[in-house]
Structure formats: C-alpha cells, structure tokens
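# Inside the fold
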Amino acid sequence: MLEIRNLTTEPEATEGVDPRTIEFGRDNSPNFFVMDYSDGQWRNARIEPVQPFVLHPAANVLHYAQTIFEGLKAYRQPSGSIALFRPNLNAARFHRSARRMSIPAVEEGAFLDAVSALVTNERNLVPPEPGCLYVRPSIIGVEPSVGLKSSNAFTFFILTYPSGPYFGHAGEGAGSIDVLVSTSVTRACQGGMGNVKAGANYAGTLAILERAKELGCAQVLFLDAVGHRGVEEMGGMNLIFLQNGALRTPPLSETILDGVTRDSVLAIAEDFGLGVEEEFISIDELVAGLRDGSVTEAIACGTAAVTTGIKTFRFEDGSVVPVGTVCPGPVTSQLYERLVGIQYGLLPDPHGWVHPVV
Ligand SMILES: Cc1ncc(COP(=O)(O)O)c(C=O)c1O
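About the thresholds
Residues numbered from 1 in each chain as written. Predicted model: local features only at pLDDT ≥ 70, side-chain atom pairs only at ≥ 80, totals over all residues. Helix = DSSP H or I, 4+ residues; strand = E, 2+ residues; numbered from the N terminus. Rg over C-alpha atoms; globule rule 2.2 N^0.38 Å. Contact = placed C-beta atoms within 7 Å. Near = placed C-beta within 6 Å. Nonpolar A, V, L, I, M, F, W, Y, C, P; charged D, E, K, R; others polar. Domains from an automatic or database assignment.

### Quick word on the overall build of the protein
Scanning the protein for helices and strands turns up eight helices and 18 strands. Its C-alpha atoms give the protein a radius of gyration of 20 Å, near enough to 21 Å, the size a compact globule of 358 residues would have. Contacts spanning at least 24 positions in sequence make up 72% of the contacts within the protein whose residues lie at least 6 apart.

### Describing the site of the ligand
Around the ligand sit Gly71, Glu233, Gly236, Met237, Asn238, Leu257, Gly259, Val260, Thr261, Arg262, Gly302 and Thr303, and that is every residue in its neighbourhood. Considering every element that reaches the shell around the ligand, the biggest residue donor is helix H6 (residues 260-271), with three residues. For the shell around the ligand, the residue count by class is three nonpolar, seven polar and two charged.

### Let's talk about the domain arrangement of the protein
Quite often, the size of an interface is put as the accessible area lost when its parts meet. Taken domain by domain, the protein holds domain 1 (5-163) and domain 2 (176-343). Look at where the C-alpha atoms of domain 1 and domain 2 centre, and you get two points 27 Å apart. Taken residue by residue, the interface counts 19 residues in domain 1 and 13 residues in domain 2. For the side of domain 1 that touches domain 2, the secondary structure elements donating two or more residues are strand E4 (67-69), strand E5 (72-76) and helix H2 (87-100). Per-element tally for the side of domain 1 that touches domain 2: the top contributor is H2, with six residues.

So this is what it looks like as structure tokens:
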C-alpha cells in the first residue's frame, strides 16, 4: 500500500450544476496527487492543493518531451458511491508507457492506490450521470540539463476534472462526428511509440487536428506510415466498423494504442453475439465498403468519447464519403448504452470491470 500524506481538506459539493454543461477537461478539481523521483526511487507521495510547478527552463520535459500520461474516468453509482472502470488496464499501460520512454515505472498497485486516494478525496465533486470525474495521471522528466539523456528526476502527478460530455452529446446517446482522413501526416511508425501514451505522439498530430477542425471534423484518422493505405486509429480514439453485421477493427500493433474502450466494446459485441474480426483494413477497402453499403457504421471509441458514430470521412482532396444512412447507427447506440450502463452501475457487470473506490 502506497503511503500518501493528505495535506488537504475534502472539497465540498457544488450544487445545482447540470453535468451536461460542464466542459470536458477544462476546470480541474482543487487538489492533486504528487510524488517525486530522485536518487533512484519514488518518494514523498502526497495529496495537496493544485499549484503551479517550479521548473528549471532546462527541465528535460521542456526540451525532449520525456513525458507520459493516462486518462480514465470515475463514475457516480446509483448508491452515491464512486467507481473506476478497469483502472488496472490504465495502470498496466502507464507502466508500459514508462518503460518505453525510459521513465522509472510506477508500480501498478501504487498507481491504483494514488488514483483511488485522490478520487476518494475529491469524491464530492464527481458529477452524477452523464457527468464524470476525468482522471489524468502524468509523469514528467524534471532534471535541469540540456544534455540528451534520460532525466534522473521525475514528477508523477494526477489531476482530476469534473466533466461533462467530450463531444457535447452525453445524456443524449452516442452522438456523431465527422472525421478527416490524413494522407499527409502519419502518427506512428514501426519501432516508434504509437502504442504508448507519450506526450510527443500527440504534439505531432496537433497541426492536422487544427486543420480538421477548420473543416468541421472533430478527429483525424491516421493511416500506416509505410504504405499510407492501412487504417490505424484516430488521434485520441480507436476505430471500429460494422461490416456485413460483424465488427471489424485493425489488430493491435506497435502503431496502435491498446484502448480500454476498444477492448471493452469488442467484449460487449461478443456478448451481443456479433462477430469480431481484428484484421488489416485498407482505406480503399473501407471506401469500397462504404460505397457498396456493406459498411454501415463506423465507431470512434475511447474513454473520452465512449462510442461515437462517424457520419462522414473527409479526404484531404476535399472528397467526402458518408457512412451508412443513420448516425449514430443502431449498433453504435447499443454498444454505448451497454458500456455506459455498466460504467454507471445501472446494468449488471458480468465481466467484473467496475472497481469501486469509495
Ligand atoms: C491514440 C489513442 N488511441 C486510442 C485511445 C482510446 O483509449 P482508451 O479507450 O483507453 O481511452 C486513446 C485515448 O486514450 C488515444 O490517445
């Protein structure tokens, strides 16, 4: 058990806020978890009021982006208690991300203790369904040296955000978005770090994401870095299609993040009796399937988005290919209802995914 000093008092509940109106990830709760790494060990775990860090301008993270993060949510249950959803998978992925980025790993049990202690402390600020408390653990390299080497000092911290919907549609079902297919920018390559949550993966996608937004698209679909044909994933979400009544998605690889939602959606699909195929899908095959009507739904899935229907794929040459006739489609909506129902404790949890913290 991680020993954590608590230097705060529990924040009081804010009454009368409609959870649908809280902007996702904008205003953090008042307290955060912090732990320091120096002289070869993690030490001084504490929960304290959020305050700016003092960083030397040469801090490793500012120059060489030695930083990783995670994202998970805490959900208010019907009894008023608070639960996390499969946080062991986030703990394991954080561990893998740390190893890949030469960051001293936080032991998975310590990660879970830290997240649970902070969520417990901030429990009064967890909005009811369809809101949540978004939990953002990060590690940054803080050694002040511009020599190109791994930092010898790190800070692990966790912020939490009382949040409403990511795409502004929670409480009204799965919602829908338009997606820009990027043939000019790739996100990840073999031997790279696309399958871990390194901050640098995301920095490289911001310019094309801004361009997508100008075109009315909420996400960017990235293709493989070698042939520029293989469908991989979006900047912050995995991608699943419904084709001829079965779910199809690219298999996990070095270039695709192992999404907790992806895994959960595939398991729920099997519970529904839907076929699940994890195989290479080329963009040409996808477009052909959209045009001949065999691909009827495209689903963006991630902790933030849950499952969101994709209405259209827009290409950089200006062409637009619509998906199916209804968006979100019926399967996207059924998956959404089942997943959200489990997360909020409103439906049975046959897989044992819900992890109560308080
Ligand atoms: C690149 C990328 N892919 C997929 C996902 C979805 O993962 P998860 O379902 O664990 O949130 C995320 C979000 O964390 C992501 O950043």
